[in-house]
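The primary structure of each chain is shown beneath.
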Amino acid sequence: MPGAIYAEGLVKTFGDVRALDGVDLDVPEGTVLGLLGPNGAGKTTTVRCLTTLLRPDSGKAVVAGIDVLKQPNEVRRSIGLSGQFAAVDEYLTGRENLHMVGQLYQMRSKQAKVRAVELLEQFHLTDAADRPAKTYSGGMRRRLDLAAALVVSPPVMFMDEPTTGLDPRNRQQLWEVIKDLVSGGTTLLLTTQYLEEADHLAHEIAVVDQGRVIARGTADQLKARTGGERVEVVVHEREHIETASEVLRGFGKGDTTVEQHTRKLTVPVTGGAKLLAEVIRELDTRGIEIDDIGLRRPTLDDVFLSLTGHHAEADDQENGTDEDAKGRKGKKDDKEAAK
Ligand SMILES: Nc1ncnc2c1ncn2[C@@H]1O[C@H](COP(=O)(O)OP(=O)(O)O)[C@@H](O)[C@H]1O
Ligand SMILES: [Mg+2]
């Protein structure tokens, strides 16, 4: 029995571009699948095929038990879609937007109004309910967009990069909203470029690259393939590298790597921030002055590197050689997401 979202061998080409190259998915009812991949991987195309907005060249898709290619109208009635580009009318207030969607779904006006009030409440928009959406912050718009997708409480939801472009606080808020939603039993397919996000929200993750699912598993399984968390330390004095290395060995779950010229030491760890504090104390006790120390969590880029041997953003680069800049970017995104 296939899950609430099922795809087999989905292929979609745009001219020379093979956007989907045989995508297989199976999402059990009531669970969340995180479709994780870099820009251009085929995430949006997958969502558009599954939500009847785009017809695949070949393959099979079943959503909420309904054949997507044979009965698109029935599928549309059973799903909610929240896109990266919100279907919110800027000039209407939050309340009016939700009311309008309800009427679009042929709810009675009274019923649509009641539903709007509920959703405004649920998405923390009550105070802003009667302001035009164009006065909303990015986070508020995303919440309104999500609320609009939920006016008729569909059993299956699709969210395409729901938090891309949001600041860490708004991202966190939206995560809470999404968690609430799925605790009610909704099946959700969510696309993201953040491993951290998939980790928070998804039961299972499918990593996509160049139109294919190249790996699937839980966040822990994927992280394990990258070597997981590590502590990075930059010592102030070259003479301290040896001693620092000894300290890290005591905390590490694997070999310490040393970059002599940058005085940077890296060691895989488990235990997160608490362990980091202990490492700092121990280095201090030994009189080792440090320029920088941090906990580095695996990013999509790390997962990619370990799965494919290339960086997640390689396709986006003009000349795919600026490894260093990409590494830094990945790190920054990760820190943002971790806040
Ligand atoms: N309408 C389109 N016309 C031409 N190419 C497209 C179209 N939509 C997507 N593509 C191409 O298909 C590939 C996958 O795109 P997309 O599914 O949007 O990736 P993602 O959402 O993961 O960033 C990209 O190379 C993209 O340029
Ligand atoms: Mg996309």
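Residues numbered from 1 in each chain as written. Chains lettered and ligands numbered in written order. Predicted model: local features only at pLDDT ≥ 70, side-chain atom pairs only at ≥ 80, totals over all residues. Heavy atoms only, no water.

## What to know about the nonpolar core
Rules: Nonpolar cores were defined as sets of buried Ala, Val, Leu, Ile, Met, Phe, Trp, Tyr and Cys residues, with membership established by side-chain atoms within 4.5 Å. Note on classification: 1.4 Å probe, protein chains only; a residue is buried when its accessible area is under 20% of the maximum for its type, exposed when over 50%, partly exposed between these limits.
Counting residues in each nonpolar core, the largest one holds 48 residues, and the members touching the most others are L98 and I205. Listed in part, the 26 residues of the second largest apolar core include L20, A41, L50 and A61.

## Focus: the packing of helix α3 (residues 94–104) against helix α4 (residues 109–122)
Defined as follows: Note on geometry: axes are C-alpha line fits, over the in-contact stretch for helices, and angles between N-to-C directions span 0 to 180 degrees. In this text, helices come from DSSP runs of H or I with a minimum length of four residues, and strands from runs of E with a minimum of two, each type numbered from the N-terminal end. Comment on the angle field: the value is read as roughly parallel under 35 degrees, roughly antiparallel over 145, roughly perpendicular from 65 to 115, and oblique elsewhere. By the definition used in this description, the sense in which the near helix is turned from the far one sets the handedness, with an anticlockwise turn below a right angle giving left-handed and a clockwise turn giving right-handed. Two residues form a contact once any of their heavy atoms are found within 4.5 Å.
For the pair α3 and α4, interaxial distance at closest approach is 8 Å and the crossing angle is 135 degrees. Considering the angle they form, α3 stands oblique to α4. Crossing handedness for the pair α3 and α4: right-handed. Contacts between α3 and α4 involve G94, R95, L98, H99, G102 and Q103 from the first element and S109, A112, K113, A116, V117, L119 and L120 from the second.

## Quick word on the sheet that holds strand β2 (residues 17–27)
Quick reminder of the rule: For two strands to be treated as a pair, DSSP must find no fewer than two bridges joining them.
If you trace the 4 strands from one edge of the open sheet to the other, you get β2-β1-β4-β5, paired in antiparallel fashion. Looking along the sheet, the strands with just one partner apiece sit at the ends: β2 and β5 (66–67). Strand direction decides the pairing type here: strand β4 (residues 58–63) and β5, joined by 2 bridges, are antiparallel. Bridge pairing in β5 links V63 to I66.

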